[in-house]
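# Residue-level structural notes
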Amino acid sequence: MLDTAKWISCGKQGVECPTFSYSFKNDRNIKSAVLTITSAGVYEAKLNGKRVGDFYMAPGWTDYKFRLQVQSYDITDMLCGDNSISVVVGTGWWNCLGIARARCPELPVMLLAEIELTYADGRTVVIGTDSSWKTTDSAIRYADMYNGETYDANFEDHTELPTVEMDFPKHQLIPQQGEKIIFHERLKPAAVFTTPKGERVIDFGQEITGIIELKLNAKKGDVVAMDCAEMLDKDGNVYNENYRSAKCTITYICADGEQTWHPALTFYGFRYLRLLDNSIDITADNITAIAVYSDIKQTGRLNCGVPKLNRLFDNIFWSQKDNFLDVPTDCPQRDERLGWTGDAEVFVKTACYNFDVKRFFTKWLDDMMVDQRENGGIPHTVPDVLNKIEDQIIGTSCAWADAATICPWEIYLHYGDKELLRHHFPMMKKWVDCVCKITKTPNIWTGSFHFGDWLSMDENTNKDLLATAYHAYSTELVCKAGKVLGEDVSEYEALYARIVENFRSTFPVYNTQAECVVALRFGLAADPEAVAKKLVELVHEREDTLSTGFPTTHYLLYALSENGYTDLAYTLLLQEKFPSWLFSVNQGATTIWEHWDGFKEDGTFWSASMNSFNHYSFGSVAEWVYEVAAGIQRVETAPAFEEIRIHPHPDRRLGWLDVTEKTAKGDIRVKWSYNDTDIKNTASEVRYEITVPCKAELVLDGKTICVEAGTWMF
Ligand code: BGC
């Protein structure tokens, strides 16, 4: 791939976003033309002034040492007589990011591209990047992942700069594997107003990840400068201290007359924009926000009779879209935006129900495979950009590193691709083996660094207990996956039995909600009935609120409903008191917050040091709504909904629920509603309307019914 092309860079220091260009004539009859391209950095390619393709932030994000995606575009129809290709390259994800940034050497951005022309007579000519390509500075004066973009529409310096051929490897090149990142929703401002501080602010009414498009009639030299925010403070002023060092600015220096512009090499997580320069008054007519994320297609829909829950569901979908840019990230705004494995692990099942993420996760799990440590450890973030930070090298935090087993298994259950599971199976095993090697106590897991029940409301969860529970679960998944693949997993089965036994003898008592939850959900509790009772007590002690963190929240409602406390699970789902899902909805959230109390009742914020308002992790509650409330269940022995089991758990407090899941076999739709929405009327009956694309087993009010494809009412 790209054999004739040479890596090129700009030989002049300080040029932020160089443009590399080449001109060629169509003097004979060209039958087809293909551009094959990648970059060290992110690129935007234009042929004869027109953008090539719709991939934004190409070539996407991988661990560039090992994998770098290459895109191919058919450009035949874009050719004319005299052609000029120009490619602007900015830093993007190229140089080290976020909290690891200070420790990385700066490397120049580079381009590698080929245009293959096939003539009518069958002859082909390949134009590869080399020192004959022209390098110039560009109108993009600055572009960076965290700080934003500055564009000067009047920039006209065509001085040729040295084009340097770089001795840089190509062994890491791979064909485009993930979903490309493209433009999606276009949002007009919901309001433009002046804050008490006198700042002009544009509110899009929804937090998104993306860019803005300006449409202006301006004078040459007018400046539009803005920065971003997710929140207003209690006085109605812009709050963006939580972006930390990420400046997230947009600066556009206007040309004369009518013009349309959007950034090309950056993205922002924002709901609000604050005007920093008032030389132009921006109105709703001038500006549009464009959501930017991987091209994942929605497969799930959740709707119910409680408007606040519907807002929560919307927030979950938005946080997924906002954090699925080639890599599942923690957040899209502050100086981080990294592929934290723990966040992806807790959210993966919800992600699968909401959108078709098979291709997206396949690519990211391949990123994980190449980043797996020699000892089997899994780095906290994939791509592994923290490896320069010494205490992060080991990569063994439970629930984070367990992404190596949980994600492949969830992808298998949802999409049923055995070969894909086989491909990731060595990584799964190696991770479990790693824990066996590093633990200080055989058959449980002690002595390692863990994030613990991250961001929970209860500090007391025993990290070794949590780690051992996750170790048991990962081992169980290796056994299950091995059996699907026909592998001998007897050693892992024996290991699993030993972990369960030792878990029970070492951790017989569960003192926090999280401890009860993992003991129940992973089938480790010796006396599940007693542990479930304890969990209920712990929830009641907190006035029916939860106290769980990232690794345990998505299991909490299951731990209750699987043990006879569905009613209490619904109480938690519908809880509005802090901490709860609906607390954030009442506080105006349009995405899922990182902290249960990101923006508190008294109008103050959690510390700016770590307070994202767009973190999907706690949105993982949606999986319970699909699987328990609506009852759409995947059958392990027949994945990808090859067999369907529907077991809804209605609750009159919702009034009605309407859930759809698009599967490869067709749509599954479960609707239930109460004929009387008065929650005091316990005699009111439930009406079910269930659509299945093939044979299915329905469990309704304790009765099992087998039905053929079709819509059924009960
Ligand atoms: C991220 C999290 C992540 C965590 C590790 C944070 O800074 O935003 O979502 O999982 O670090 O504990």
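Being a predicted model, the structure only gives us computed values, none of them experimental.

## Quick look at the site of the ligand
Every residue near the ligand is listed here: Asp330, Arg334, Glu336, Trp340, Asp343, Trp400, Phe451, Trp454, Phe550, Glu594, Met610 and His615. In this structure, Glu336 approaches the ligand through a side-chain N or O atom, which is 2.6 Å from an oxygen atom. In the model, an oxygen atom of the ligand is placed 3.0 Å from a nitrogen or oxygen of the Trp400 side chain. Relative to its unbound accessible area of 310 Å², the ligand is 96% covered by the protein chains. The residue inventory of the shell around the ligand, partitioned by class, reads six nonpolar, one polar and five charged.

## What to know about the sheet that holds strand E2 (residues 19-25)
The strand order E5-E4-E7-E2-E10 describes an open sheet built from five strands, whose pairing is antiparallel. Both outer strands of the open sheet, strand E5 (50-51) and strand E10 (134-136), are each paired with one neighbouring strand and no more.

## Some details on the pattern of salt bridges
Taken as a whole, this structure holds 41 salt bridges when the rule is applied. As a salt-bridge pair, Arg653 and Asp651 come within 3.0 Å of each other at their nearest N and O atoms. Take Asp651: its relative accessible area is 7%, and that puts it in the buried class. Several salt bridges share partner residues, and in doing so they unite Arg244, Arg334, Asp335, Glu336 and Glu594 into one network.

## Examining the sheet that holds strand E31 (residues 644-646)
Pairing in this open sheet of four strands is mixed, and the strands run E30-E31-E35-E36 from one edge to the other. Unpaired on one side and paired on the other, strand E30 (632-634) and strand E36 (703-707) mark the two borders of the sheet. On average, each strand axis in the sheet is tilted by 25° relative to the strand beside it, whichever way the strands run. The sheet contact formed by E31 and strand E35 (residues 696-700) spans three bridges and is parallel. Considered in E35, the bridge of Ile646 is made with Leu698.

## Here we look at the pairing of strand E11 (residues 140-144)
Note: E11 against strand E12 (residues 148-152), four bridges, orientation antiparallel. Bridge assignment links Ala143 to a residue of E12, and that residue is Glu149. The antiparallel hairpin formed by E11 and E12 contains three residues in its connecting segment.

## A look at the packing of helix H6 (residues 463-484) against helix H10 (residues 550-561)
Two elements in contact, H6 and H10, have axes separated by 12 Å at closest approach and are oriented at 65°. Classified by the interaxial angle, the pair formed by H6 and H10 is roughly perpendicular. For the element pair H6 and H10, the recorded crossing hand is left-handed. Touching Leu466, Tyr470 and Tyr473 of H6 are Pro551, Thr552, His554 and Tyr555, all from H10. Classifying every residue of the contact of H6 with H10 gives five nonpolar, two polar and no charged.

## Regarding the pairing of strand E9 (residues 124-128)
As paired elements, strand E8 (residues 110-119) and E9 share five bridges and run antiparallel to each other. Within E9, the residue paired with Leu117 across the bridge is Val125. Counting the residues in the hairpin turn of E8 and E9 gives four residues, including Gly122, whose phi is positive at 90°.

## A look at the environment of Asn611
Locating Asn611 in the fold gives a position in the loop between helix H12 (581-586) and helix H13 (622-629). A relative accessible area of 0% places Asn611 in the buried class. Residues contacting Asn611, with those up to four places away along its chain left out, are Glu230, Asn242, Arg334, Glu594, His595, Gly598, Phe605 and Trp606. A polar atom in the side chain of Asn611 sits 3.0 Å from the backbone oxygen of Gly598.

## Observations regarding the state of the cysteines
Summed over the entire model, instances satisfying the criterion amount to zero disulfides. Unpaired in this structure, Cys10 has its nearest cysteine sulfur neighbour in Cys17, at a distance of 11 Å. Summary of cysteine pairing: Cys248 is not part of a disulfide, and the nearest cysteine sulfur, belonging to Cys228, is at 4.8 Å.

## Brief notes about the packing of aromatic side chains
Under the counting rule described, the total for this entry stands at 42 aromatic pairs. Between the aromatic rings of Trp93 and Phe267, the centroid separation amounts to 6.2 Å while the plane-to-plane angle is 45°, which identifies the pairing as tilted. On the criterion of sequence distance, the pair formed by Trp93 in the loop between strand E7 (82-90) and E8 and Phe267 in the loop between strand E22 (257-261) and strand E23 (268-277) is long-range, its members being 174 residues apart. Judged on exposure class, the residue Trp93 and its partner Phe267 are both buried.

Quick notes on the rules
Residues numbered from 1 in each chain as written. Predicted model: local features only at pLDDT ≥ 70, side-chain atom pairs only at ≥ 80, totals over all residues. Heavy atoms only, no water. Near = heavy atom within 4 Å. Polar contact = N/O pair within 3.5 Å; in protein donor to acceptor, adjacent residues only side chain to side chain. Areas by Shrake-Rupley, 256 points an atom, 1.4 Å probe, with all protein chains shown as cover. Nonpolar A, V, L, I, M, F, W, Y, C, P; charged D, E, K, R; others polar. Pairing = 2+ DSSP bridges. Helix = DSSP H or I, 4+ residues; strand = E, 2+ residues; numbered from the N terminus. Salt bridge = Lys/Arg side-chain N within 4 Å of Asp/Glu carboxyl O. Buried < 20%, exposed > 50% of the residue type's maximum accessible area, 1.4 Å probe, protein only. Axes fitted to C-alpha atoms, helices over the stretch in contact; angles between N-to-C directions. Parallel < 35°, antiparallel > 145°, perpendicular 65-115°, else oblique. Left-handed = near helix turned anticlockwise from the far one by under 90°. Contact = heavy atoms within 4.5 Å. Disulfide = S-S within 2.5 Å. Phe/Tyr/Trp six-rings, centres within 6.5 Å; stacked < 30°, edge-to-face > 60°.

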